[in-house]
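Spelled out from the first residue to the last, the chains are:
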Amino acid sequence: MFLALFVCGLVVALVVIGLFVFGLRRRLIQRAGGTFDCSLRWDVPEEPDLSGKGWVYGVARYSGDEIAWFRVFSYAPRPRRFLERSAIVALERRMPEGEEELALLSDSVIQPCMYNGVRLELAMSEDARTGFMAWLEAAPPGQRVNVA
């Protein structure tokens, strides 16, 4: 009986510690500022896939001339992807359709982009998209603006 209670207590403690580490990691990512919730779908076909598959929930952070994108459900301290401003070409935005609405946060809009020949989609709030487009267009003098 004691062993069963000890094992159950240990499992509960490990779950609580795991959740605490998730929260601490997100807090450390956001501490630097310039973050926004941003789901990502990489290497998307030309025709939009409305099944909702491939979306990964994350947090993006502006860092100079690049965006660092972190998966939310990960313990990794480093970003999963870096997107350089000069290589991003923003395409026409669209609204989530079909099962995508269930896979994304409720107020999300989808910003399709080309990044070094790879088509990707970013899903974020309308306010975050406005900030993203302003950041994209605010390239230093001499750099091209990549808005289609």
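For the structure itself, look to the data block above.
Fair warning: this is a prediction, and the values are worked out from it, not measured in the lab.

Asks: Please give an account of unusual backbone geometry that cites residues and values.
Replies: The backbone of aspartate 43 shows a phi angle near 55 degrees, a positive value even though the residue is not glycine. Within the secondary structure, aspartate 43 sits in the loop between strand 2 (39-42) and strand 3 (58-63). Within the chain, asparagine 116 stands out as a residue other than glycine whose phi angle is a positive 50 degrees. Mapping asparagine 116 onto the fold places it in the loop between strand 7 (108-115) and strand 8 (118-125).

Asks: I'd like a rundown of the nonpolar core, residues and numbers included.
Replies: One broad rule of soluble globular proteins: the nonpolar side chains tend to lie buried together. Core analysis: the largest hydrophobic core is formed by 20 residues, its most contacted members being Cys38, Ile88, Leu120, Leu122, Met124 and Phe132. Counting only elements with at least two residues in this core, the list comes to strand 4 (66-71), strand 6 (88-90), strand 7, strand 8 and helix 3 (126-137). If one sorts the elements of this core by residue count, helix 3 sits on top with five residues. Ignoring anything within four residues of it in the chain, the contact list for phenylalanine 132 reads Tyr62, Ile67, Ile88, Gln111, Cys113, Leu122 and Met124. The next biggest cluster of nonpolar side chains, apart from the first, holds five residues, and it includes Val59, Ala68, Phe70 and Val72.

Asks: Before we move on, could you go through the pairing of strand 8 and cite the residues and values that matter?
Replies: Most of strand 8 is tucked away: six of the eight residues are buried. As paired strands, strand 2 and strand 8 are joined by four bridges and run antiparallel to one another. Counterpart to tryptophan 42 in the pairing with strand 8 is leucine 120. In this structure, strand 7 lies alongside strand 8, joined through eight bridges in antiparallel fashion. Across the sheet, the residue bridging to tyrosine 115 is valine 118, located in strand 8.

Asks: Account for helix 3, with residues named and values stated.
Replies: Taking 1.5 Å per residue, twelve residues should reach 16 Å; helix 3 reaches 16 Å between its end C-alpha atoms and fits that length. Those residues of helix 3 that fall on the buried side of the exposure criterion are Ala128, Arg129, Phe132, Met133, Trp135 and Leu136. Across the axial projection of helix 3, the buried residues extend over an arc of 160 degrees, all falling on one side.

What counts as what
Residues numbered from 1 in each chain as written. Predicted model: local features only at pLDDT ≥ 70, side-chain atom pairs only at ≥ 80, totals over all residues. Heavy atoms only, no water. Helix = DSSP H or I, 4+ residues; strand = E, 2+ residues; numbered from the N terminus. Core = buried A, V, L, I, M, F, W, Y, C linked by side-chain atoms within 4.5 Å. Buried < 20%, exposed > 50% of the residue type's maximum accessible area, 1.4 Å probe, protein only. Contact = heavy atoms within 4.5 Å. Pairing = 2+ DSSP bridges. Expected span 1.5 Å × (residues − 1). Arc of directions from axis to C-beta.

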